[in-house]
Amino acid sequence: MTDSSPRLRVAMIGAGFMGAAHSQGWRVAPRFFELQAHPEMALLVGRDHGRTEAAAQKWGWGEVSTDWREAILRDDIDIVDIVTPGDSHAEIAIAALDAGKHVLCEKPLANTAEEARAMAAAAERAAARGIYAMVGFTYRRVPAATLARDLVAQGRLGEIRQVRASYLQDWLMDEDGPLSWRLQKNRAGSGALGDIGAHAVDLAQYITGSSLSSVSGTMETIIAERPVLAESSGLSGTAGRERGTVTVDDLALFTGRFGATDTTSGFLGSFEATRFSTGRKNALRIEVSGSKGALGFDLERLNELQFFDATAPGQTQGFSTILVTEPGHPYVDAWWPAGHMLGYEHGFSHQARDFIQAVAAGTQPTPSFADGLQVQQVLDAVERSAAANSVWTAVAN
Ligand code: SOE
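Residues numbered from 1 in each chain as written. Predicted model: local features only at pLDDT ≥ 70, side-chain atom pairs only at ≥ 80, totals over all residues.

Asker: How should I be thinking about helix α1 (residues 17–32) in this particular structure?
Answerer: Residue pairs spaced three or four apart in an α-helix point in one direction, given the helix's 3.6 residues per turn. In a regular helix each residue adds 1.5 Å, so 16 residues correspond to 22 Å; α1 covers 23 Å between its end C-alpha atoms and thus fits that length. Within the sequence span of α1, burial applies to M18, G19, H22, S23, G25, W26, A29 and P30. Contact partners of the buried residues in α1: β1 (7–13), β2 (38–45), α2 (49–59), β4 (79–82), β5 (102–106) and α9 (346–361). (Helix = DSSP H or I, 4+ residues; strand = E, 2+ residues; numbered from the N terminus. Expected span 1.5 Å × (residues − 1). Buried ≥ 20, exposed ≤ 12 C-beta atoms within 10 Å, placed from the backbone. Contact = placed C-beta atoms within 7 Å.)

Rendered as structure tokens:
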């Protein structure tokens, strides 16, 4: 990036936990990566003026607004970044794309497959005009996860035979924890399934390069009632006196068939998404087993990738730990000298980098809204399967 690099002015809608994470990405990416355009943190949009102003100062946004409709119509805005709860993704994203703004939207793409379809259609219309949309499945951009995808693509695992994917958290264990928006179907679409299961689905499909075609699932709400929320903060907030009903799943379990075609039956994967996994804080784990090798990734140890080479001599075989901190590993060159670790926040810088590079080059960034729709269709099939007592259910296409 040079002083004469084009500027791309960003308006971010939403100022919660994900707003903080995306702000970090926009602020840091241009300072560590050579970018073809410079993202400018122009405008932060939130519902409460005072709180939005405080967040803007803390995170480094130039201006604030409480009106997203006005924000997306501004001529001096090029990119709209959506970090609101899922119930507003479709309306904001479609309006922003139709107004000629590039859009980055948090996952899951929408609350329903129908909304996601409308968003993918709007993105396709916009792409024909050189306006691009991407969904924020950030964990693809953790270097160890990107390396896992590269090893599979290079054939180091041979033929894939099985996948185990789980996303385990425990932040809902306290039954007096408040009824935040993530526990309300009308706001979040679903519970563990969409909030964290969506990441497991995206990452498993991304690493294996294969899509799920059918699923069989079951879902459970473990704590049915919680105190209503008095004030939100981070993932939850402070509890009020009254109790309200949890309308989403706390736990979603499903199996899925990947990559089935007319001539092969593909391979099976198992999935688990829960916010009741006692002691597990943010464990997004994927294990892929193939005819020539296997790999294992765990977000709680995000600088490492486990690799097993089944073609090595038997005496020396065993899972080894690749420390993904070396020059030549994806994204790593831009940061610290070899051997120095990265953290949760780096994925957001990688996401901002990849989005800016694609938009500046006039190419489609990935994962696209079509990719986001496909994940939404998997989630939808899991919900339909669970409602029909785990019957195997085709993923729509
Ligand atoms: C909360 O469960 C959450 O913050 C998700 O919403 C994020 O997408 C995930 O990255 C971490 O957990």
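Asker: What exactly am I supposed to notice about the site of the ligand here?
Answerer: As a matter of local geometry, the ligand sits amid Q169, D195, I196, L235 and N282. Class assignment of the residues belonging to the shell around the ligand gives a composition of two nonpolar, two polar and one charged. (Near = placed C-beta within 6 Å. Nonpolar A, V, L, I, M, F, W, Y, C, P; charged D, E, K, R; others polar.)

Asker: What exactly am I supposed to notice about helix α10 (residues 369–387) here?
Answerer: The terminal C-alpha atoms of α10 lie 27 Å apart, and with 19 residues this matches the ideal 27 Å at 1.5 Å per residue to within 8%. With 15 of 19 residues buried, α10 lies mostly within the body of the structure. Where α10 ends, the next residue or the one after it, N389, has phi of about 55 degrees, a positive value.

Asker: Explain the UniProt feature "domain: GFO/IDH/MocA-like oxidoreductase" (unreviewed entry) in the protein here, please?
Answerer: Residues given the UniProt feature "domain: GFO/IDH/MocA-like oxidoreductase" (unreviewed entry) here are residues 148–295. Split by type, residues 148–295 is 18% helix and 43% strand. Its first and last C-alpha atoms lie 7 Å apart. (UniProt positions renumbered as here; feature names shortened; annotations may be inferred.)

Asker: Before we go on, may I ask you to explain the UniProt feature "domain: Gfo/Idh/MocA-like oxidoreductase N-terminal" (unreviewed entry) in the protein in this structure?
Answerer: If you check UniProt for "domain: Gfo/Idh/MocA-like oxidoreductase N-terminal" (unreviewed entry), the listed places come out as residues 8–128 in our numbering. Helix makes up 48% of residues 8–128 and strand makes up 21%, while its end C-alpha atoms are separated by 20 Å.

Asker: Please clarify how the packing of helix α5 (residues 113–127) against α10 should be interpreted in this entry.
Answerer: Describing two packed helices takes the angle between their axes plus the distance from one axis to the other. In the contact formed by α5 and α10, the axes pass within 9 Å of each other and the chain directions differ by 170 degrees. Viewed along their axes, α5 and α10 adopt a mutual orientation that is roughly antiparallel. Both α5 and α10 take part in a crossing whose hand is left-handed. Where α5 abuts α10, its residues A113, A116, R117, M119, A120 and A123 lie against F369, A370, G372, L373, Q376, Q377 and D380. Partitioning the contact of α5 with α10 into residue classes produces eight nonpolar, three polar and two charged. (Axes fitted to C-alpha atoms, helices over the stretch in contact; angles between N-to-C directions. Parallel < 35°, antiparallel > 145°, perpendicular 65-115°, else oblique. Left-handed = near helix turned anticlockwise from the far one by under 90°.)

Asker: Can you help me understand the sheet that holds β4 in this one?
Answerer: Hydrogen bonds between backbone groups are what pair the strands of a sheet, and the pairing can be parallel or antiparallel. Strand order in the open sheet formed by six strands is β3-β2-β1-β4-β5-β6, with parallel pairing between adjacent strands. Looking at the sheet topology across the chains shown, the edges are occupied by β3 (63–65) and β6 (133–136). The sheet shows a mean angle of 25 degrees between the axes of neighbouring strands, taken without regard to direction. Summarising the sheet, β5 and β6 pair through four bridges and their orientation is parallel. Looking across to β6, one finds that E106 is bridged to G136. Across the sheet, α1 touches β1, β2, β4 and β5, and the angle it forms with β2 is around 155 degrees. (Pairing = 2+ DSSP bridges.)

Asker: Please clarify how the confidence of the model for the protein should be interpreted in this entry.
Answerer: It should be kept in mind that the predicted coordinates are not to be read in detail where pLDDT is low. Here the protein averages 96 in pLDDT, while 99% of its residues score no lower than 70. Among the prediction metrics, the complex's ipTM stands at 0.93, with pTM recorded as 0.97. (pLDDT = per-residue confidence, 0-100.)

Asker: What is the right way to read the domain arrangement of the protein from this model?
Answerer: By a widely used convention, the size of an interface equals the accessible area lost when the partners come together. Parsing the protein into structural domains produces domain 1 (7–138) and domain 2 (143–301 + 303–342). The C-alpha-based centres of domain 1 and domain 2 are spaced at 25 Å. At the junction of the two partners, domain 1 supplies 12 residues and domain 2 supplies 13 residues. Grouping the constituent residues of the side of domain 1 that touches domain 2 by class yields seven nonpolar, three polar and two charged. (Domains from an automatic or database assignment.)

Asker: Looking at this model, I keep getting lost on the sheet that holds strand β12 (residues 267–274). Mind explaining?
Answerer: Here nine strands make up an open sheet; going across it, the order is β16-β15-β14-β13-β7-β12-β11-β8-β17 and the pairing mixed. The sheet is open, and its two edges are formed by β16 (320–323) and β17 (393–394), each paired on a single side. Across eight bridges, strand β8 (residues 212–220) lies against strand β11 (residues 251–258) in antiparallel orientation. The residue bridging S216 from the neighbouring strand is T255, located in β11. Where α10 meets the sheet, its contacts fall on β8, β11 and β17, and the angle it forms with β8 comes to roughly 55 degrees.

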